[in-house]
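Overview (structure and organization)
Each chain, letter by letter, is given below.
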Amino acid sequence: MRRVFHNPRFWVFAVCLLPLTRLIVLGFSGGLGANPIEFITRSLGTWTLVGLMVTLSVTPLRRLTGHAELIRYRRMLGLFAFFYACLHFVTYIWLDQFFDPAAIVKDIVKRPFITVGFAAFVLLVPLALTSTHAMMRRLGRRWQQLHRLVYAIAILGVIHYLWLVKKDLTDPLVYAVVLTLLLVLRLPWVVHALQAVRSSRRVSPQS
Ligand code: HEM
């Protein structure tokens with residue numbers, strides 16, 4: 001048991017469960033406010049977006065700090081983002097739409113912010129399904145290509161938030177700035193990788 005507490009993975013796991021624990025505690029103590037469904041949906045949406053941002057920050061952090069071991073937590077963080085996205089979606093189809101398929105489809109088609117959120121959720125599914133080491137080995141280079149979808153998902157998540165907010169855009173804009181920073185931070189490595197590919201082609205011109 002002592003070993004478990006010395007394992008950083010245990011603490012990352014425990015921290016990732018805090019938003020859900022908070023919702024459960026608030027639920028039992030009557031702290032969900034005047035509109036509990038909205039509170040739960042919004043809270044789960046927020047933690048999905050936070051989870052995506054934290055997952056996206058692992059690679060730049062690892063490169064900037066030289067802490068290669070950070071990569072060990074990326075899969076767990078990504079899966080927690082998916083877990084909160086599932087809860088967010090289930091809250092919506094259950095408490096908001098009462099499992100009415102016609103109403104859900106109509107809403108997804110009619111309200112652009114729901115369309116975008118749904119697209120982000122659908123794109124997350126293949127990433128979660130292929131997150132195992134076995135799938136990583138099986139897909140090889142295609143795994144990396146597929147998992148680049150996470151950038152599109154995060155962008156869609158921010159658009160979803162920007163689109164649903166009616167008055168004060170501050171919060172979604174903060175996420176937009178953080179996401180832009182996370183993407184810009186990757187540029188030097190992208191440029192470097194492209195240069196490496198180009199120079200390797202110059203050394204061995206086969207086509
Ligand atoms: C990766 C996928 C998604 C992300 C990152 C995401 C994120 C968010 C965020 C950040 C919020 C606002 C939280 C706040 O106001 O503090 C939100 C609200 C909401 N989302 Fe999502 N969402 C996603 C997918 C979905 C899906 C699939 C649906 C339904 C089909 C959905 C339906 C809603 C609804 C109904 C609200 C509340 C709107 C309101 O209260 O006016 N979201 N979401």
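The following paragraphs examine the structure supplied in this document. Please read all numbers here as calculations on a predicted model, not as lab measurements.

The tally for this structure, following the rule as stated, stands at one salt bridge. Arg111 serves as the salt-bridge partner of Asp107, at 2.8 Å between the closest nitrogen and oxygen. According to the relative accessible area criterion, Arg111 is partly exposed, its value standing at 32%.

Coordination of the iron atom of the ligand by the protein is provided by His88 (NE2) and His160 (NE2), with metal-donor distances spanning 2.0 to 2.1 Å. One way to put it: the six donor atoms around the iron atom of the ligand meet at angles of 87 to 179°, and that makes the site octahedral. One end of the pair, His88, is in helix α4 (residues 74–96); the other, His160, is in helix α9 (residues 149–164), with 72 residues separating them in the sequence. Given the relative accessible area of 16%, His160 is considered buried.

Not every one of the 21 residues close to the ligand is listed here, only the nearest: Arg42, Gly45, Thr46, His88 and His160. Contact distances for the ligand include 3.2 Å between an oxygen atom and a side-chain N or O atom of Thr46. The separation between an oxygen atom of the ligand and a polar side-chain atom of Tyr161 is 3.3 Å. Those elements that place two or more of their residues in the shell around the ligand are α3 (36–65), α4, α6 (112–129) and α9. Its residues assigned to classes, the shell around the ligand comprises 11 nonpolar, eight polar and two charged.

Glancing now at the environment of Leu156. Assignment of secondary structure puts Leu156 in helix α9. Linking Leu156 and Ala120, residues 36 residues apart in sequence, is a C-alpha distance of 5.8 Å. If we skip the residues at most four places from it in the chain, Leu156 touches Val116, Ala119, Ala120 and Leu123.

In the structure shown here, the tally under the stated rule is zero disulfides. Left unpaired, Cys86 is separated from the closest cysteine sulfur, that of Cys16, by 15 Å. Take Cys86: its relative accessible area is 23%, and that puts it in the partly exposed class.

By size, the foremost hydrophobic cluster in this structure holds 29 residues, and its most contacted members are Leu49, Leu52, Met53 and Val158. If you list the elements that add at least two residues to this core, you get α3, α4, α5 (101–110), α6, α9 and α10 (170–203). Ignoring any residue separated from it by four or fewer positions in sequence, one finds Met53 in contact with Val158, Tyr175, Val178, Leu179 and Leu182. Counting residues in hydrophobic clusters, the runner-up holds 12 residues, among them Leu44, Val58, Phe80 and Tyr84.

Parameters at a glance
- Residues numbered from 1 in each chain as written.
- Predicted model: local features only at pLDDT ≥ 70, side-chain atom pairs only at ≥ 80, totals over all residues.
- Heavy atoms only, no water.
- Salt bridge = Lys/Arg side-chain N within 4 Å of Asp/Glu carboxyl O.
- Buried < 20%, exposed > 50% of the residue type's maximum accessible area, 1.4 Å probe, protein only.
- Donors = N, O, S within 2.8 Å, 3.2 Å for Na, K, Ca; no water.
- Tetrahedral: all angles 85-135°; square planar, octahedral: opposite > 155°, others 65-115°.
- Helix = DSSP H or I, 4+ residues; strand = E, 2+ residues; numbered from the N terminus.
- Near = heavy atom within 4 Å.
- Polar contact = N/O pair within 3.5 Å; in protein donor to acceptor, adjacent residues only side chain to side chain.
- Nonpolar A, V, L, I, M, F, W, Y, C, P; charged D, E, K, R; others polar.
- Contact = heavy atoms within 4.5 Å.
- Disulfide = S-S within 2.5 Å.
- Core = buried A, V, L, I, M, F, W, Y, C linked by side-chain atoms within 4.5 Å.

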